[in-house]
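Structural description and commentary
So the chains spell out like this:
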There are 2 protein chains.
Amino acid sequence: MSLTTQLHVLGQAAREAARFLAGLSTEEKNRALLAMADQILASQEEILAANEEDLKVGREKNLSAPLLDRLTLTPARLQGIIASIHQAAFLPDPIGKILAEWKREDGLAFQKMSVPLGVIGIIYESRPNVTVDAAILCLKAGNACLLRGGSEAFHTNTALATSLQLALKATHFPEACIQLVPTTDRAAIPILCEMEEHLDCIIPRGGKALIETVVRHARMPVIKHNDGICAAYIDQEANLKMASELVFNAKHQRPSACNALETVLLHEKIATEFLKTAGKKLLQEGVELRCSSELLALVPDSLRKEFSQQIKKASKEDFRTEFLALTLALKTVASVEEAIDHITGHGSHHSDLIVTENQQTAEQFLREVDSATVYWNASTRFTDGGEFGFGAEIGISTGKFHARGPMGLAELTSYKYLIRGHGQIRK
Amino acid sequence: MSLTTQLHVLGQAAREAARFLAGLSTEEKNRALLAMADQILASQEEILAANEEDLKVGREKNLSAPLLDRLTLTPARLQGIIASIHQAAFLPDPIGKILAEWKREDGLAFQKMSVPLGVIGIIYESRPNVTVDAAILCLKAGNACLLRGGSEAFHTNTALATSLQLALKATHFPEACIQLVPTTDRAAIPILCEMEEHLDCIIPRGGKALIETVVRHARMPVIKHNDGICAAYIDQEANLKMASELVFNAKHQRPSACNALETVLLHEKIATEFLKTAGKKLLQEGVELRCSSELLALVPDSLRKEFSQQIKKASKEDFRTEFLALTLALKTVASVEEAIDHITGHGSHHSDLIVTENQQTAEQFLREVDSATVYWNASTRFTDGGEFGFGAEIGISTGKFHARGPMGLAELTSYKYLIRGHGQIRK
């Protein structure tokens, strides 16, 4: 059987499973979820053994320490995965909600009701917990899923998917509700992207190259999870102590996250003061500061001497870069308008922040910055489904279509109109 | 300048215009709309002359009478276009709405607010009123648009777009808020489809070939307006008089519409009775009935004799065909489940109808048929933005993503999250 045929067989089965899932009650879906949690616990040994196999290959391939860490499962991490399944079971069902209803004068009654999207393809890299997270959120929203994980986690993903399917079988669900593409052949990606009859949408989670491949080939809608090039603008009327804490938190707490800060725009009137206090703290905690030439001229000699290795001249490219590391690009601006222009031209429309005590300036920034989340006096690190109170997250959309920002269960649904009459015809 | 460069220049200008539009008040947008209505009236002679030019070419090319009719503008039709602009001005602004808001225990305040999508590409065929309809709805929702009309209407579209841009200029709006692609070269379509940096989404309105081309090339989201293969299931517990009226209205009132009926599924217990009454009426009014072989055997001799030219055996393909004419495919089914299965396998997820007096059967059909609009005892012809009360319609989406069914102003928006704090950091 060719790879194309093989994938179409999976797609066809997923389509049928989706029809089954769309008809289920909340209780039936939750019963399957709880069975999955139990089964993962029961299969713990097999899963950890499969993970050890992946780690062995990874070490032989000289994968970096952070990559190996992301790949690693432990009993504690499995416990975290099981807890997230329980959490999903307790979330409210996003399906069957009446989103709007109205009646015409002729008595025709309209209801707009949430329904599943259908079949969702998810193409992701490295972290095996995505296999479970994505599968359970899709199932809770009544969707079948077709998962294509990274080759580094292939054995782990296979073991996890096997567990999930065992639980589906035990609860008399079609196993095709959750399917893992059983190959690491890269040729599978364009084939999946062209299966528009079987997949209602596709979610790529990973690096630029993966997203670019998916966008180029996909014939169905794509929910992109692109770079987070997040900026903070520190206004002349900012509380500088607050600015220092927010910038430090947003840059330092987890630099590898997409909602971490990459750029700081300093109003020229407070730039020197910011460098003396916040700048010093960042340098002390190991952050490298790449400064525009105007800003570089303002760096106090004392700092320049003490942290000569960490203070550099920024290149143009630095202001379009997601460093994912303890590096920050900084420049001065003359006004909030200049800050907004910079963000419009350089950012990735993910999460941007203004620090100011002036409400009018803040509201202008909130209004004019066209990003998924725009903050006033709070860390960009809150861009996260959990922090938003969504209970779970399948990713963060950087597109403006269908879903924007953190995606919870509601973003995995569509809707339909139910129209009830008593013989009305159109005149 | 190459076509690619030319289109990218338009795209870049549209992107800048979109930023301008996003910042406008409702009053400013409405002022521009009213100026457009005035300008179209003022330019009436030029527009009708341009239309006459298109009609002349069309007649030389032997375009069919219905196509020529769709292409024709008259003072009365221009009046209709002007009225629809006034109507758009009076519709509520879909932008800046607070769709949800909540506060965390730590005081962080979240608002989800509607914002424009940005730049919308619309590729359409034949009817020149789309040029104005699409442009004004995009503008009302704060979006810039790039329009690519059909070659048959090129002169008319150019004259209309010129009027709209004159009005934009007079109200100090950038002309790039509304741009018509100034060429009929088909090569423009794939180029537009790849301009993801300039276009936030693309709406193809037209035949299968156009939609297929756009889906294949588009790198941005596509809102498809596909076939309407709409079915009516007449249950054994149907009021047959109502069934007859609904089927007749849905098939006969405007057979060229996408929400017109193409398929009738008759419960075998009422099939003969339906043929005798509703069937006879359809035949008398000129409808051709293509019947499955089971149904054909049930046709009364009297009908068979009188309407021998209009009663035919249906092919398999007839049940997957959008006739857009006075033709109907009919077959018998043994149950509501069989009807739902048929619709799932043959329909286009547009609009489907059950006629029954049994509420339980109706609710099963409403729940299990996965179409944009599902009707109980009402004509499928109501699938229309105007009939839904949306005030205006940019089309009917047959996709499940972002927008489904009739699309009004709300479907031309995205949203963003505004988050206001007082120094909150993530722990």
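Residues numbered from 1 in each chain as written. Chains lettered and ligands numbered in written order. Predicted model: local features only at pLDDT ≥ 70, side-chain atom pairs only at ≥ 80, totals over all residues.

1. Considerations on the overall build of chain A
Stated formally: Secondary structure elements follow DSSP: runs of H or I no shorter than four residues count as helices, runs of E no shorter than two count as strands, and numbering proceeds from the N terminus. Only C-alpha atoms enter the radius of gyration, while the globule expectation follows 2.2 Å times N to the 0.38, with N the number of residues. With C-beta atoms placed from the backbone, a residue is labelled by how many other C-beta atoms lie within 10 Å of its own: buried for 20 or more, exposed for 12 or fewer, partly exposed between the two. In this description, any two residues whose backbone-derived C-beta atoms lie within 7 Å of each other are considered to be in contact.
Helices and strands together make up the secondary structure of chain A, namely 16 helices and 16 strands. A compact globule built from 427 residues would reach a C-alpha radius of gyration of about 22 Å, and chain A, at 24 Å, matches this within 12%. Its C-alpha atoms give chain A principal-axis dimensions of roughly 75 × 70 × 35 Å. For chain A, buried positions account for 50% of its 427 residues. Taking the contacts inside chain A whose residues are at least 6 apart along the sequence as the reference set, 73% of them involve residues at least 24 apart.

2. Looking at the sheet that holds strand E12 (residues 351-355) of chain A
Cut-off, in case you're wondering: At least two DSSP bridges between two strands are required for those strands to pair. Axis lines are fitted through C-alpha atoms, for helices just across the contact stretch, and the angle between N-to-C directions can take any value from 0 to 180 degrees.
Taken in spatial order, the 10 strands of this open sheet run E10(A)-E9(A)-E11(A)-E8(A)-E7(A)-E12(A)-E13(A)-E16(B)-E2(B)-E1(B), and their pairing is mixed. In this open sheet, the two edge strands, each paired with only one partner strand, are strand E10 (311-313) of chain A together with strand E1 (98-103) of chain B. Along the sheet, successive strands turn relative to each other by an average axial angle of 20°, direction set aside. Note: strand E7 (residues 230-234) of chain A against E12 of chain A, four bridges, orientation parallel. Residue pairing in the sheet places Tyr233 of chain A in a bridge with Ile354 of chain A of E12 of chain A.

3. Concerning the pairing of strand E2 (residues 109-116) of chain A
All names here are of chain A. Here five bridges tie strand E1 (residues 98-103) to E2, and the two strands are oriented antiparallel to one another. Considered in E2, the bridge of Trp102 is made with Phe110. Here E2 runs beside strand E16 (residues 413-424); their pairing, made up of eight bridges, is antiparallel. Note on E16: the bridge partner recorded for Val115 is Ser414.

4. Notes on the sheet that holds strand E6 (residues 201-205) of chain B
Within a beta sheet, neighbouring strands are joined by backbone hydrogen bonds and run either parallel or antiparallel to one another. Residues and elements named next belong to chain B. Spatially, E5-E4-E3-E6 is the arrangement adopted by the four strands of the open sheet, whose pairing is parallel. The sheet terminates laterally at strand E5 (178-180) and E6, the two strands that pair on one side only. For this sheet, the mean inter-axis angle between neighbouring strands, taken without regard to orientation, is 20°. Sheet strands in contact with helix H6 (residues 129-140) are strand E3 (119-124), strand E4 (144-148), E5 and E6, and its direction is about 165° off that of E4. Sitting on the sheet, helix H7 (residues 154-170) touches E4 and E5, and the angle it makes with E5 is about 155°.

5. Here's the deal with the packing of helix H2 (residues 26-42) of chain A against helix H5 (residues 75-90) of chain A
Residue and element names in this part refer to chain A. Selection rule: If an angle is under 35 degrees, it is roughly parallel; if it is over 145, roughly antiparallel; if it lies from 65 to 115, roughly perpendicular; otherwise it is oblique.
Direction vectors running N to C along H2 and H5 enclose 170°, while the axes themselves pass 9 Å from each other. One element, H2, and the other, H5, form an angle in the roughly antiparallel class. Note on element contacts: H5 touches H2 through Leu78, Ile81, Ile82, Ile85, His86, Ala88 and Ala89, opposite Asn30, Leu33, Leu34, Met36, Ala37, Ile40 and Leu41.

6. What about the relation of the copies chain B and chain A?
Here the two chain copies are tied together by a rotation about an axis and a shift along that axis. Just so we agree on the cut-off: The least-squares superposition of copies is restricted to C-alpha atoms, and to residues with a pLDDT of at least 70 in both copies.
The operation relating chain B to chain A is a screw motion whose rotation component is 180°, with 0.0 Å of axial translation and a residual RMSD of 0.0 Å. Such a combination of rotation and displacement between the chain copies is what one expects of a two-fold axis. Nearest to the rotation axis, the C-alpha of His402 of chain B is located 2.0 Å from it, this being the minimum over chain B. Both copies share a contact surface, since 100% of the interface residues of chain B are interface residues in chain A too.

7. Some details on the environment of Gln165 of chain B
Residue and element names in this part refer to chain B. Counting through the fold element by element, Gln165 comes out in helix H7. According to the C-beta neighbour criterion, Gln165 is buried, with 21 such atoms within 10 Å. Note: C-alpha distance between Gln165 and Cys177 (12 residues apart in sequence) is 8.2 Å. Sequence-distant contacts of Gln165, that is, excluding residues within four places in its chain, are made with Glu175 and Ile178.

8. Describing the packing of H5 of chain A against helix H6 (residues 129-140) of chain A
All names here are of chain A. Put simply, the rule is: Three residue categories are used. Nonpolar comprises Ala, Val, Leu, Ile, Met, Phe, Trp, Tyr, Cys and Pro, charged comprises Asp, Glu, Lys and Arg, and polar comprises the others, including Gly.
Put simply, H5 and H6 touch, their axes get as near as 10 Å, and they point 10° apart. With respect to H6, the axis of H5 lies roughly parallel. Contacts between H5 and H6 involve Ile81, Ser84, Ile85 and Ala88 from the first element and Asn129, Val132, Asp133, Ile136, Leu137 and Lys140 from the second. A per-class count over the contact of H5 with H6 returns six nonpolar, two polar and two charged.

9. Some remarks on the interface of chain B and chain A
Chain B puts 53 residues into the contact, and the matching count from chain A is 53 residues. Elements with a contribution of two residues or more to the side of chain B that touches chain A: helix H9 (208-217), helix H10 (240-252), helix H15 (359-368), strand E13 (373-378), helix H16 (385-388) and strand E16 (413-424) of chain B. Sorting elements by how many residues they give to the side of chain B that touches chain A places E16 of chain B first, with 11 residues. Tallied by class, residues from the side of chain B that touches chain A come to 24 nonpolar, 16 polar and 13 charged. In the sheet, strand E13 (residues 373-378) of chain A pairs with E16 of chain B via five bridges, with the strands oriented parallel. Bridging across to E16 of chain B, Thr373 of chain A finds its partner in Tyr417 of chain B.

10. Let's talk about the domain arrangement of chain A
Residues and elements named next belong to chain A. Basically, it comes down to this: Bear in mind that the domain bounds are from an automatic or database domain assignment.
Looking at chain A, the domain boundaries give domain 1 (3-226 + 400-420) and domain 2 (230-386). For domain 1 and domain 2, the distance between their C-alpha centres works out to 36 Å. In this complex, domain 1 contributes six residues to the contact, which on the side of domain 2 involves six residues. Counted by class, the side of domain 1 that touches domain 2 contains two nonpolar, three polar and one charged residues.

11. Considering unusual backbone geometry
Here His172 of chain A, not a glycine, exhibits a phi torsion of approximately 60°, which is positive. Here His172 of chain A shows up in the loop between helix H7 (154-170) and strand E5 (178-180). Unusually for a residue other than glycine, His349 of chain B sits at a positive phi of about 60°. Among the structural elements, His349 of chain B can be located in the loop between helix H14 (336-346) and strand E12 (351-355). Assessed through the 24 C-beta atoms surrounding it within 10 Å, His349 of chain B is described here as buried.

12. Examining the pairing of E6 of chain B
Sheet faces and side chains relate simply in a regular strand, where the side chains alternate between the two faces. Residue and element names in this part refer to chain B. Buried residues dominate E6, accounting for five of its five residues. The two faces of E6 match: Cys201, Ile203 and Arg205 on one face and Ile202 and Pro204 on the other face are all buried. Direction of pairing for E3 relative to E6: parallel, over a ladder of five bridges. What sits directly across from Tyr124, in E6, is Arg205.

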